[in-house]
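Here is what each chain is made of, one letter per residue.
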Amino acid sequence: MSEGQSGLGGAMKNIVVWLGLALMIASFVWWQLLLSPRQTASYGRANAPAPFTLVVLDPGHGGQDSGAICGAIYEKDLTLDIAQRVDHLLQAQGLATLMTRVGDSYVSLQDRAAVTNRARDCIFVSIHFNESKKPVSGIETYYAEHQTAPAPRLVSWIPFFQGPAAESPTLASQSLARFIQEAMIARTKAPDRGTKAEQFFVIDHVSAPAVLVEGGFLNKEEIAKLATNDYRDQMAAAISEGILRYRDVLKERQLTLAVSEPHPE
Ligand SMILES: [Zn+2]
């Protein structure tokens, strides 16, 4: 062994190595303490967000903000009407809901996001209608490509936590958007304008899976059907179905992962 012969340089090297090691251990312990038991459990199931327990429904516009207008129909009234219908359907399925507004009142986009970010285990569904004088029609559902998480994910920089941390809200938002869009098209037979990425404030500024549905155009092409009870029922049923389908898939994935959990790769 050359230990006895090591000079001052060798000793310094040893000290640096031990300091580095101690720092690593200390930061690891620190992060472990920061993780609450609940979070530890959920991060253990890589890539499987727990099925949500609350649906935040966000009827677009309200109060002095009418949104799009076509004849006597205001977007703010239509969004509230559809949200209320969805609300009833989800509650009938035993899901908890939260409306960002319940009447014709103005709620800022910041407040809508803040309410959602204070809730736990939720998803966010914003309801809007499009505006265009052109002869266009159809339904589209948006998700944000990058979501601002106000409470930063604690462990994203630690290499061995990369798997669970890679479970980004964006992927969840994208699949929620797809389920809602598919259900909407299947039920309403409206032209399919697809799912699209867009940094709209309310879906960008929430950390939960979030989508914004544009349920049709307030124009000559679509206003007549949007005015009917039947069509509104179909839209609400479709949004509710999309949400429930998304939840079922989360549950299935959790089951699959729970079965395979004793054999980590
Ligand atoms: Zn709108």
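These lines cover the structure that appears in this document, whether it is placed above or below. Remember, predicted model here, so these are calculated numbers, not experimental data.

**Side note on the sheet that holds strand β4 (residues 96-99)**
- Strands sit in the order β4-β1-β5-β8-β6-β7 across an open sheet of 6 strands; the sheet is mixed. Each edge of the open sheet is held by one strand with a lone partner, namely β4 and β7 (192-197). Each strand of the sheet is rotated relative to its neighbour by a mean of 20°, with strand direction disregarded.
- Two strands pair when backbone bridges link them, and strand β1 (residues 54-59) and strand β5 (residues 122-130) are joined in this way by 6 bridges, in the parallel orientation. Note on β5: the bridge partner recorded for L57 is V125.
- Where helix α3 (residues 75-92) meets the sheet, it contacts β1, β4 and β5, and its direction lies at approximately 145° from that of β5.
- Against the sheet, helix α6 (residues 169-188) contacts β5, β6 (139-143), β7 and β8 (210-217), and its axis sits at roughly 170° relative to β6.

**Considering α3**
- Helix length check: α3 (18 residues) gives 26 Å between terminal C-alpha atoms against 26 Å at 1.5 Å per residue, within 8%.
- Within α3 the residues assigned to the buried category are E75, K76, L78, T79, L80, D81, I82, A83, R85, V86, D87 and L90.
- Following α3 by one or two positions, G94 has its phi on the positive side, about 85°.

**Structural notes on unusual backbone geometry**
- If you check the backbone angles, H61 has positive phi at about 65° while not being a glycine.
- Following the sequence through the fold, H61 ends up in the loop between β1 and β2 (69-70).
- In this model, K189 sits at a positive phi of 60°, which is unusual for a non-glycine residue.
- Accessibility expressed as a relative area gives 67% for K189, which makes it exposed.

**Observations concerning the environment of L218**
- The topology assignment puts L218 in the loop between β8 and α8 (223-226).
- With 87 residues separating them in the primary sequence, L218 and E131 have C-alpha atoms 5.5 Å apart.

How each quantity is defined
- Residues numbered from 1 in each chain as written.
- Predicted model: local features only at pLDDT ≥ 70, side-chain atom pairs only at ≥ 80, totals over all residues.
- Heavy atoms only, no water.
- Pairing = 2+ DSSP bridges.
- Helix = DSSP H or I, 4+ residues; strand = E, 2+ residues; numbered from the N terminus.
- Axes fitted to C-alpha atoms, helices over the stretch in contact; angles between N-to-C directions.
- Contact = heavy atoms within 4.5 Å.
- Expected span 1.5 Å × (residues − 1).
- Buried < 20%, exposed > 50% of the residue type's maximum accessible area, 1.4 Å probe, protein only.

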